[in-house]
Amino acid sequence: MRNSFHYGFKKPLAMLGLASAFILFQGCGGVTDPSAPPTTGTSSSSSSSSSSSSGGPNSPGPLPEVKFIPVAGTNVEAPETSCAAIAATPDSIVTRSQFSHAIKHTFAPLGLDVSAELERIAWPTTHQTSFLLSLEKVADLVAESVVNGFDQLGLNCAQGDACAESFLNKYARLALRGSLNQQEIDFFMSELFQPADDFNEGIAQLARGIILHPGMLLRYEQGIQGNSSTTVLTPMDKATKLSLMLWDSIPDERLLEAAENGSLNSEAGFRAEVQRMLEDQKFDVAVQNFHHHWLEVGDGKAIKGYDAAIGEMDRLLPQMFRNGAKISDLFTTNKVIVNKELADIYGITHLNGLTNDTWQETTVEGRPGILTRAGFLLGTSTDPVVTSPTERGLIIANNVLCAEAADEAPDELQDSELIVIQRDPNLTSRQEIEKAIGVSDTCSGCHLQMDPLGFALEKFDGSGRFREFEDNIAIDDVATSPILGLIEGPAGYASLLSNSQQAQSCYTRQWFQRAYNLDQVADENCAFRELEARVLSNGGDLIQLITELVNNPALHYRAL
């Protein structure tokens, strides 16, 4: 059974344009039922179907032989271990992409895509009443689509109370991650549906109520008391965690059933569901969105070729997961997947019949790894020619190496100390930056951490094209980083990063933080350290990393 929240609806309810289904809730302390997701935005390639792609050419194959943690029944004691010490935050909300996918997959027959509308909303990390107000327009869009496409929802019922309840039982169950109890159905019906002037308006009110319900927004975990320090998560808690982690979305009907009938608490049942979820195309979307977040790309730019560049990343990265790649391969692969526009950027001329709507796989020299791909290079640029070594270096320092370089000027920096780089036709961009930073003791500390990491990629311009010269001046892409040491251009980067335990550990950390909705994870966190050790001992295998994530105690237990 889904969690029961205390909530109330603001009235009046009769007018479609008002905040009729706006839900106020007083936090999750009111839970009374103990039984329980293309940026980084949503990907346009996400499937609205929950069917498995098992057996297809992109199937990841059998899961590695890992020991899944069985939790049988409600009387199992959680282990007394700090490895379970990840507490659920009651007002922690799902990410923007997870909310977008939740809407899309809940009302899959309608093909809803509200990602563009959600991009206009400032997305907090914790619940705010003002945030719910900003979602009203999204709720209106969903309600309108539900009413206009009601015949496509497969309910096959005559207009009336019974049909409205069928709608709730099917679609609120998906959106709110579990069946409604009778008290909740009665509340939805009496407060939203029955006061409406007609059936369509009542259905619109129900759709709004679902979208604005805290159960759709929150990552709340019910849990069952385990011992003095830890809580055993319910099957529905785990189903939600699994779906947000592996699909960037909500559980489908089969996963809900596995949670409700208890099979998710058996080793065989848990393993089967994880296997099925990895074989579903929605896993590819989760991989895409993770890497958008990791490399801070995917929000859309006006630079020519950017959509094609992100399209390549969204094809290449899921394929690497499915083909047994390792973390190190992310930094060395010479495989590219290109359309006509991207082939022009990469200087590929040997492919025949390419158009902007067709894609082919090939290899290219001089572009080892994901950091030399147009997706990252254009994602860190605002101009098709001029680069930003500092921006590139900052993302690499923070997200690829977890070196925590400063991303803004220090508070003590005075306006008079701000550096304005003057364009000098006799200097490259790198030389201009080095000249400007060299005269500032205040700025040099942080820039020496970031800039060399970007300088090593300076032979790729703002559009991702390779170049030897900038304004007829030879480009120097050899740099010395206090983090990595001597970097001899892209080839040196590939060698250093592919052999860097720091880079592999950082990549694992990024997955752990996103999977468990953490802003950061402490170095001493036992759950992360256990995951890191297992991933690195397996050579950084990407699919093994995912199976270790779901096998980690943090998915099964929670700190009190």
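Summary of the structure given here. Owing to the predicted nature of the structure, the values given are computational and were not obtained by experimental measurement. (Residues numbered from 1 in each chain as written. Predicted model: local features only at pLDDT ≥ 70, side-chain atom pairs only at ≥ 80, totals over all residues. Heavy atoms only, no water.)

1. Let's talk about the overall build of the protein chain
Next up, step 1: Within the protein chain one finds 23 helices and eleven strands.
Next up, step 2: For the protein chain, the proportion of its 560 residues judged to be buried stands at 58%.
Next up, step 3: Approximately 22,600 Å² of the protein chain is accessible, and the part contributed by carbon and sulfur atoms is 48%. (Helix = DSSP H or I, 4+ residues; strand = E, 2+ residues; numbered from the N terminus. Buried < 20%, exposed > 50% of the residue type's maximum accessible area, 1.4 Å probe, protein only. Areas by Shrake-Rupley, 256 points an atom, 1.4 Å probe, with all protein chains shown as cover.)

2. Notes on empty space enclosed by the protein
Rolled over the atoms, a probe with the dimensions of a water molecule shows which regions are left empty.
Next up, step 1: Each pocket or cavity is described by its volume, and for the second largest cavity that value is around 50 Å³.
Next up, step 2: Lining the second largest cavity are Phe331, Pro368, Gly369, Ile370, Leu371, Thr372, Leu457, Pro490, Tyr493, Ala494 and Leu497.
Next up, step 3: In terms of residue class, the lining of the second largest cavity is built from nine nonpolar, two polar and no charged. (1 Å grid on protein atoms, 1.4 Å probe; cavity = no way out; pocket = protein on both sides within 12 Å on 5 of 7 lines; lining within 4 Å. Points joined across faces, edges and corners; volume = space filled by probe spheres on them. Nonpolar A, V, L, I, M, F, W, Y, C, P; charged D, E, K, R; others polar.)

3. Quick look at the packing of helix α6 (residues 182-193) against helix α7 (residues 199-211)
Next up, step 1: The N-to-C vectors of α6 and α7 enclose an angle of 125 degrees; their axes lie 9 Å apart at closest approach. In terms of their interaxial angle, α6 and α7 are classed as oblique. Where α6 crosses over α7, the two elements pack in a sense that is right-handed. Where α6 approaches α7, its residues Phe188, Leu192 and Phe193 are matched on the opposing element by Phe199, Gly202, Ile203, Gln205, Leu206, Gly209 and Ile210. (Axes fitted to C-alpha atoms, helices over the stretch in contact; angles between N-to-C directions. Parallel < 35°, antiparallel > 145°, perpendicular 65-115°, else oblique. Left-handed = near helix turned anticlockwise from the far one by under 90°. Contact = heavy atoms within 4.5 Å.)

4. A closer look at the state of the cysteines
Next up, step 1: The final tally for this structure, using the stated rule, is two disulfides.
Next up, step 2: Residue pairing for Cys157: its cysteine sulfur links by disulfide to Cys163, the two sulfurs lying 1.9 Å apart. Given an S-S torsion of about 50 degrees, the disulfide between Cys157 and Cys163 has right-handed geometry.
Next up, step 3: Residue class for Cys157 comes out partly exposed when judged on its relative accessible area of 30%.
Next up, step 4: Note on cysteine connectivity: Cys402 is disulfide-linked to Cys506, with sulfurs 2.1 Å apart. Because the sign of the S-S torsion sets the handedness, a value of about 80 degrees for the bond joining Cys402 and Cys506 places this disulfide among the right-handed ones. Of this pair, Cys402 sits in the loop between α16 (389-400) and α17 (429-437) while Cys506 sits in helix α20 (residues 501-515), and the two are 104 residues apart along the sequence. (Disulfide = S-S within 2.5 Å.)

5. Describing the pairing of strand β10 (residues 485-488)
Next up, step 1: In this sheet, β10 lies alongside strand β9 (residues 478-481) in antiparallel orientation, the contact comprising four bridges. When the bridges of β10 are listed, Ala479 appears paired with Ile487.
Next up, step 2: Hairpin connection from β9 to β10: three residues lie between these consecutive antiparallel strands. (Pairing = 2+ DSSP bridges.)

6. Considering the nonpolar core
Next up, step 1: Leu246, Tyr507 and Leu549 are the most contacted members of the largest nonpolar core, which totals 85 residues.
Next up, step 2: Here the element with the most residues in this core is helix α13 (residues 306-322); it accounts for eight residues.
Next up, step 3: Those residues in contact with Tyr507 that lie beyond four places of it in its chain are Phe290, His291, Trp294, Phe321, Ile327, Leu330, Leu542 and Leu545. (Core = buried A, V, L, I, M, F, W, Y, C linked by side-chain atoms within 4.5 Å.)

7. Remarks on unusual backbone geometry
Next up, step 1: The phi dihedral of Asp471 is positive, around 55 degrees, even though this residue is not glycine.
Next up, step 2: Here Asp471 shows up in the loop between β7 (469-470) and β8 (473-474).
Next up, step 3: Accessibility expressed as a relative area gives 46% for Asp471, which makes it partly exposed.
Next up, step 4: Even without a glycine there, the phi angle at Asn517 is positive, about 55 degrees.

These results come straight from atomic positions and should not be treated as a statement about function.
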